[in-house]
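Fold and contact review
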Amino acid sequence: AASLQKNPTTSKVVLLACGSFNPITNVHLRMFELARDHLEDTGQYSVIKGIISPVGDAYKKKGLIEASHRVEMARLATESSEWITVDSWESQQSDWVETAKVIRHHYEELLAREHNRDNVDTVKYTKKRRIEENYIASSLMLLCGADVLESFGIPNLWKQEDITEIVGQYGLVCITRCGGDPYKFINQSDDLWKYRKNIHVVHEWVTNDISATHVRRALRRGRSVRYLLPESVVRYVQEHGLYSADSEQKNADVVLAPFQKYSDASTSG
């Protein structure tokens, strides 16, 4: 109910997180909470939804288990959240989908939903009243860790025009840990510098270095991962016997999809 009382002049924001979520951890969920607090604290934004979009199997990352399991674990992890959801569109595509395309897809979905709501609203209110209420359309921002921002500099991992589209048209909320300096990276990149006002840097003062890599290692070794992941996810992993030495070798000898795609393009071009 509190969210309904927010200032009507704030712009509504949907946060989208793309990644492996292999498996989803409490840190992934904390990123959403930190980002929402930071954006709403500015007084300019009202965060209405969070979307987790696990990458498809065609990404070919080493140790990446089946998308169906990763999506289900994310669903279990967000069951108790009133605002964070899981979307399986990206994970269901047969080919790897560039992050810019995933954002575009979700933005189009967002616009379509708002358009449908507008059609319903115009029956109830006159257009004049809607304008007087300072109605502002929702925007979509990509939520990521500082490592994603810095990965923009890795050759053949991102297309330059995709970076420009993501940061220039949508915006980025970047969660950084103590010791990380995304500002230095932004300063070194002309593209990021140009759109620096669209990059929201959020400092995580309560450092929490649980990475999915550490979690998989603990699981392979039969160690406990309780309190690193939501309890429902821990149970799911145990019930399905996920993350073994064998699963960690998956895609070990395969080139990561973006490297495959962009290095092919650069050599043929």
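Residues numbered from 1 in each chain as written. Predicted model: local features only at pLDDT ≥ 70, side-chain atom pairs only at ≥ 80, totals over all residues. Heavy atoms only, no water.

Going by what an unreviewed UniProt entry lists, the chain is known as Nicotinamide-nucleotide adenylyltransferase and is assigned to Poecilia reticulata. Here the chain is described in UniProt, under the heading Subunit (unreviewed entry), as follows: "Homohexamer. Interacts with ADPRT/PARP1." The heading Subcellular location (unreviewed entry) in the UniProt record of the chain holds the text "Nucleus". (UniProt positions renumbered as here; feature names shortened; annotations may be inferred.)

The 6 strands are arranged β3-β2-β1-β4-β5-β6 in an open sheet whose pairing can be described as parallel. If you trace the sheet from one side to the other, it starts and ends with β3 (84–86) and β6 (199–204), each paired once. Neighbour-to-neighbour, the strand axes of the sheet open up by a mean angle of 25°, direction not taken into account. Across 4 bridges, strand β1 (residues 11–19) lies against strand β4 (residues 139–145) in parallel orientation. Of the residues in β4, the one forming a bridge with Leu16 is Leu142. In the packing of helix α2 (residues 67–78) onto the sheet, the strands contacted are β2 (45–54) and β3, and the crossing angle to β3 comes to about 160°. Across the sheet, helix α7 (residues 160–170) is in contact with β4, β5 (172–177) and β6; its angle to β4 comes to roughly 125°. (Pairing = 2+ DSSP bridges. Helix = DSSP H or I, 4+ residues; strand = E, 2+ residues; numbered from the N terminus. Axes fitted to C-alpha atoms, helices over the stretch in contact; angles between N-to-C directions. Contact = heavy atoms within 4.5 Å.)

Now for the packing of α2 against helix α11 (residues 231–240). It is at 8 Å that the axes of α2 and α11 come closest, and there the two elements cross at 150°. The orientation of α2 relative to α11 falls into the category roughly antiparallel. At the point where α2 passes α11, the crossing takes the right-handed sense. In this structure, α2 contributes His69, Glu72, Met73, Leu76 and Ala77 to the contact, and α11 contributes Ser232, Val233, Tyr236, Val237 and His240. Its residues placed into classes, the contact of α2 with α11 shows 6 nonpolar, 3 polar and 1 charged. (Parallel < 35°, antiparallel > 145°, perpendicular 65-115°, else oblique. Left-handed = near helix turned anticlockwise from the far one by under 90°. Nonpolar A, V, L, I, M, F, W, Y, C, P; charged D, E, K, R; others polar.)

For the rest of this paragraph, the subject is helix α1 (residues 26–41). Its 16 residues give α1 an end-to-end C-alpha distance of 22 Å, which sits within 8% of 22 Å, the value for a rise of 1.5 Å per residue. Of all the positions in α1, only Val27, His28, Leu29, Met31, Phe32, Leu34, Ala35 and Leu39 are classed as buried. In the segment just after α1, Gly43 is the residue with positive phi, at about 80°. (Expected span 1.5 Å × (residues − 1). Buried < 20%, exposed > 50% of the residue type's maximum accessible area, 1.4 Å probe, protein only.)

Below, the discussion takes up the pairing of β5. On any regular strand, side chains alternate: one points to one face of the sheet, the next to the other face. Most of β5 sits inside the fold, with 5 of its 6 residues counted as buried. Where β4 meets β5, 4 bridges bridge the pair, whose relative direction is parallel. Of the residues in β5, the one forming a bridge with Leu143 is Val173. Alignment of β5 against β6, held across 6 bridges, turns out to be parallel. When the bridges of β6 are listed, Val173 appears paired with His200.

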